[in-house]
Amino acid sequence: MPRVKYILLDCDNTLCLSERLAFEACTDLTNEVLEKWGRPERYTVEQLLEDFVGHNFRGMLNGLQKKHNFTMKPEEVDAYVDRELGAVTAKLSEKCQPCPGVLEQLAALKEAGYPMSVVSTSAKPRVVASLKKVGIDHYFPDEHVYSAATSLNPPSSKPDPAIYNYACKQLGVKNEECVTVEDSKSGATAAMRAGIPLIGYVGVYGIEEGKEKMEEMAKLLTEQCNAKVIMYDWKEFPECLKKIEAL
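Keep in mind the model is a prediction, meaning the values are calculated, not measured.

Trainee: Requested: an account of helix H4 (residues 74-95), with residues and values cited.
Mentor: Residues separated by three or four positions in an α-helix point in the same direction, a consequence of the helix having 3.6 residues per turn. An ideal rise of 1.5 Å per residue puts 32 Å on 22 residues; H4 measures up with 31 Å between its terminal C-alpha atoms. For H4, the complete set of buried residues consists of Val77, Tyr80, Val81, Glu84, Val88, Thr89 and Leu92. The buried side chains of H4 occupy one side of the element, clustering within an arc of 170° when seen end-on. In this structure, H4 carries Glu75, Asp82 and Glu94 as exposed residues pointing more than 90 degrees from its buried face.

What follows is the structure in structure tokens.
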């Protein structure tokens, strides 16, 4: 393909080390829901990450209802989504850190003239809180931060490709003219379904869970989500981009 017209970037655990912090904040709410609706199951942070990484809280609540056979009214879901957003945003504003190497690569991309946008499944206030805490919000003006939970009506969640389709339409580019970076199966599946060339970033798994999990995700993103390139460290991004543009 010729020079990429837009670089689309997931936020949680791709730009920012935010996923575990967010799941820490929402585990108590998840267990509160299960108790309130009479289910005996309870989750740890690790179990919740294993089952729902890459989903926003609305998608998580929908998944919990299906998995554990209970039903919440739409207004009840909305109320818990609002509570979760407040708790997570506060924690990210206090503790979020950048993924290693991302600051240098964003600066280089800006210098090289590549336009960039964030395309996240998470609620926009939470995404913006992460970007600000990490100090990269100046690369992403508000109108170029897209959220499946906030930008779409009705709200959605990856692996639904709707947020990618919406972002590309708003940016005035064709899906296939872009490249995106995703770390999770749900996000990568959304990119695949949207027809956007994918760089699978697995470095965060090595940081948080070890080499075995990192290699497992590299295999999954390649075989199940059609990742064109796997990136183990952000310093590899220039070469990954060259490979995409050479396809």
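Trainee: Explain the packing of helix H2 (residues 45-52) against helix H3 (residues 57-68) to me, and be specific about the residues and the numbers.
Mentor: One can describe the packing of H2 onto H3 by two numbers: an axis separation of 11 Å at closest approach and a directional angle of 90°. Of the possible angle classes, the one that applies to H2 and H3 is roughly perpendicular. Contact residues: Leu48, Asp51 and Phe52 in H2; Met60, Gly63, Leu64 and Lys67 in H3. By residue class, the composition of the contact of H2 with H3 is 4 nonpolar, 1 polar and 2 charged.

Trainee: Help me get a handle on the packing of aromatic side chains, residues and values and all.
Mentor: A complete count under the given rule lists 7 aromatic pairs for this structure. Between the aromatic rings of Tyr139 and Phe140, the centroid separation amounts to 6.4 Å while the plane-to-plane angle is 70°, which identifies the pairing as edge-to-face. Taking the relative accessible area as the measure of exposure, Phe140 reaches 4% and is therefore buried. Ring-pair connections join several aromatic residues into one group, and the members of that group are Trp37, Phe70 and Tyr80. When the ring centre of Tyr114 is taken as reference, the NZ or CZ atom of Arg3 above it lies at 3.8 Å.

Trainee: If you had to explain unusual backbone geometry to someone new, which residues and values would you point to?
Mentor: The peptide bond linking Asn153 to Pro154 adopts the cis configuration, its omega dihedral lying at 5°. Turning to its location among the elements, Pro154 is positioned in the loop between strand S3 (145-147) and helix H7 (162-171). In this structure, Pro159 follows Lys158 across a cis peptide bond, with omega equal to 20°. Positionally, Pro159 belongs in the loop between S3 and H7. Located in the positive-phi region is Asn69, a residue other than glycine, with phi close to 60°. Relative to the assigned elements, Asn69 resides in the loop between H3 and H4. Phi is positive for Asn226, close to 60°, though the residue is something other than glycine. By the secondary structure assignment, Asn226 is in the loop between helix H10 (211-223) and strand S6 (229-231).

Trainee: Help me get a handle on the nonpolar core, residues and values and all.
Mentor: Ile7, Leu15, Leu131, Phe140 and Trp234 are the most contacted members of the largest nonpolar core, which has 67 residues in total. Non-local contacts of Trp234, meaning those with residues more than four positions away in its chain, are made with Leu9, Thr14, Leu15, Cys99, Pro100, Gly101, Val102, Gln105, Val181 and Tyr201.

What counts and what doesn't
- All residue numbers refer to position in the chain's written sequence, counted from 1.
- Given that the model is predicted, a residue must reach a pLDDT of at least 70 before its local features are reported, and side-chain atom pairs must reach 80 or more before they are shown or counted; all residues, however, enter totals for whole chains, interfaces and linings.
- Values reported for side chains reflect all heavy atoms of the structure, with hydrogen atoms and water molecules removed beforehand.
- Secondary structure elements are taken from DSSP: a helix is a run of H or I of four residues or more, a strand is a run of E of two residues or more, and numbering for both begins at the N terminus.
- Helix span is expected to be 1.5 Å times the residue number reduced by one.
- Partly exposed describes any residue whose relative accessible area lies between the buried limit of under 20% and the exposed limit of over 50%, with all areas from a 1.4 Å probe on protein chains only and scaled to the type maximum.
- Here, the arc refers to the directions that run from the helix axis to the C-beta atoms.
- Here, axes are lines fitted to C-alpha atoms. For helices the fit covers the stretch in contact, and angles between N-to-C directions go from 0 to 180 degrees.
- Note on terminology: angles under 35 degrees are roughly parallel, angles over 145 are roughly antiparallel, angles of 65 to 115 are roughly perpendicular, and the others are oblique.
- Residue contacts are defined here by distance: any two heavy atoms, one from each residue, within 4.5 Å place the two residues in contact.
- Ten residue types, Ala, Val, Leu, Ile, Met, Phe, Trp, Tyr, Cys and Pro, are classed as nonpolar, four, Asp, Glu, Lys and Arg, as charged, and the remainder, Gly among them, as polar.
- Paired rings are identified among Phe, Tyr and Trp, the last through its six-membered ring, by centres lying within 6.5 Å, and are further divided according to the angle between planes into stacked (under 30 degrees), edge-to-face (over 60) and tilted (the rest).
- For a ring to carry a charge above it, either NZ of a lysine or CZ of an arginine must fall within 6 Å of the ring centroid while also lying within 35 degrees of the normal to the ring plane.
- The nonpolar core is taken to be a set of buried Ala, Val, Leu, Ile, Met, Phe, Trp, Tyr and Cys residues, with the residues joined through side-chain atoms within 4.5 Å.

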